[in-house]
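Fold and contact review
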Amino acid sequence: MATVLLHGLGGDRRQPLSLLGPVLPADTIAPDVRAHGSSTLIGHPADFTLAALAAELPLPAGPLTLIGVSMGAALALRIALTRPVERLILLRPSFTTQPLPAHLRVFPVIGELLAHHGAERGEEVFRYSNLFHALEAESEIGAQGMLEQFRKPDAAARAIRLVEIPRNRAYRAASELAGLGIPASVIAALRDPVHPVAVAEQWTVDLPNARLTVLPARDDGVRAYTDATRAAVAEALTR
C-alpha cells in the first residue's frame, strides 16, 4: 500500500518531509500541488477548487495511506471520497464546512497584497497591519509563518493560490463523510491561529472512525512539538 504525503497552502513537499521524514515509509510519495513547489502550473480560479487540485495529483493505483497537513488534510478527504483509501492521517486541519472561515482570511489578504504590491512591499504593509499583530499576539511562530508566504518562490505570480484555495469547504456536512469508516487520525496543536483545535475536534466528530491527538504549541518549544508530531504520526501509521 502506497503512502502519499500532502503539503499545506503556500508550502511545498519539502516542509512535511522535513517534519515527518524519520517516521515515514521509505517509499512515501510527496507531490507538489499546482502553483506550489516544483509545479509550473498556475491557471485560473476554477483550477483551485479542492476537487480539481486533488484530481490532478499524480497518485499511484491501489489503496493509499494519505497523510495531509492543513490544506493537504482537506485534499486527503477529497481523495478518500473518490477512491479506495486505507488510512487517513490529518495534521492541523484548517478547512471547515464553510468557505473562507475567519481563521483562513489572512491568506486572501496576503494574496491580494502580493498581487497589488509585490513581495517586498506587500510584506512591509502586512507586517504593520492589525491582522499581523493579532496573529503575533497568539503565536509568534504562526505570525512568522504568514510572513514566509511573501518570501516563497514566485510568491506574487502564484498569489492566486492564497486567494482562491481558502474559499473551499473541506466537506459540506457530516453526512458527506458518513461512508468513510476507515481509520482516521486527526492531529492538532495548541495555540495555532490558522489551525484551531476546534476544527480538528469537529473533524473528529464528523469522521466515523477518527481519534484526536492534541500536541503542545509550537511556541512552547519547536523540538517538543516536532517530537510529539512524529510520535503521533508513527502511532497513526500502525492503526
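One structure accompanies this document, and this report is about it.

What counts and how
- Residues numbered from 1 in each chain as written.
- Predicted model: local features only at pLDDT ≥ 70, side-chain atom pairs only at ≥ 80, totals over all residues.
- Heavy atoms only, no water.
- Pairing = 2+ DSSP bridges.
- Helix = DSSP H or I, 4+ residues; strand = E, 2+ residues; numbered from the N terminus.
- Axes fitted to C-alpha atoms, helices over the stretch in contact; angles between N-to-C directions.
- 1 Å grid on protein atoms, 1.4 Å probe; cavity = no way out; pocket = protein on both sides within 12 Å on 5 of 7 lines; lining within 4 Å.
- Points joined across faces, edges and corners; volume = space filled by probe spheres on them.
- Nonpolar A, V, L, I, M, F, W, Y, C, P; charged D, E, K, R; others polar.
- Parallel < 35°, antiparallel > 145°, perpendicular 65-115°, else oblique.
- Contact = heavy atoms within 4.5 Å.

Attention shifts here to the sheet that holds strand E1 (residues 2-6). Paired through their backbone hydrogen bonds, the strands of a sheet run either parallel or antiparallel. Taken in spatial order, the five strands of this open sheet run E1-E2-E3-E4-E5, and their pairing is parallel. Edge positions in the sheet fall to E1 and strand E5 (210-215), since each of these pairs with one other strand and no more. Pairs of neighbouring strands in the sheet enclose a mean axial angle of 15°, with direction left out of account. Two elements, strand E4 (residues 184-189) and E5, share six bridges in a ladder whose sense is parallel.

This next bit is on the layout of surface pockets. Roughly 720 Å³ of volume is contained in the largest pocket. Gln15, Val69, Arg92, Gly145 and Arg218 are the residues nearest the centre of the largest pocket, which is lined by 29 residues in total. Looking at the lining of the largest pocket, the elements with two or more residues in it are helix H1 (14-20), helix H6 (140-148) and helix H9 (222-236). Ranked by the residues each element gives to the lining of the largest pocket, the list is headed by H6, at six residues. Here the residues of the lining of the largest pocket are counted per class, giving 10 nonpolar, 13 polar and six charged. Taken as a whole, the second largest pocket holds about 190 Å³ of empty space. Every residue along the wall of the second largest pocket is listed here: Thr49, Leu50, Ala51, Arg78, Pro99, Arg167, Asn168, Arg169, Ala170, Tyr171, Arg172 and Glu176. Across the lining of the second largest pocket, the residue classes break down as five nonpolar, two polar and five charged.

This part is about the packing of helix H5 (residues 130-138) against H6. Between H5 and H6, whose axes approach to 5 Å, the crossing angle comes to 140°. As summarised for this structure, H5 and H6 are arranged oblique, according to the angle between their axes. Along the contact surface, H5 presents Phe132, Leu135, Glu136 and Glu138, while H6 presents Glu140, Ala143, Gln144, Met146 and Leu147. Partitioning the contact of H5 with H6 into residue classes produces five nonpolar, one polar and three charged.

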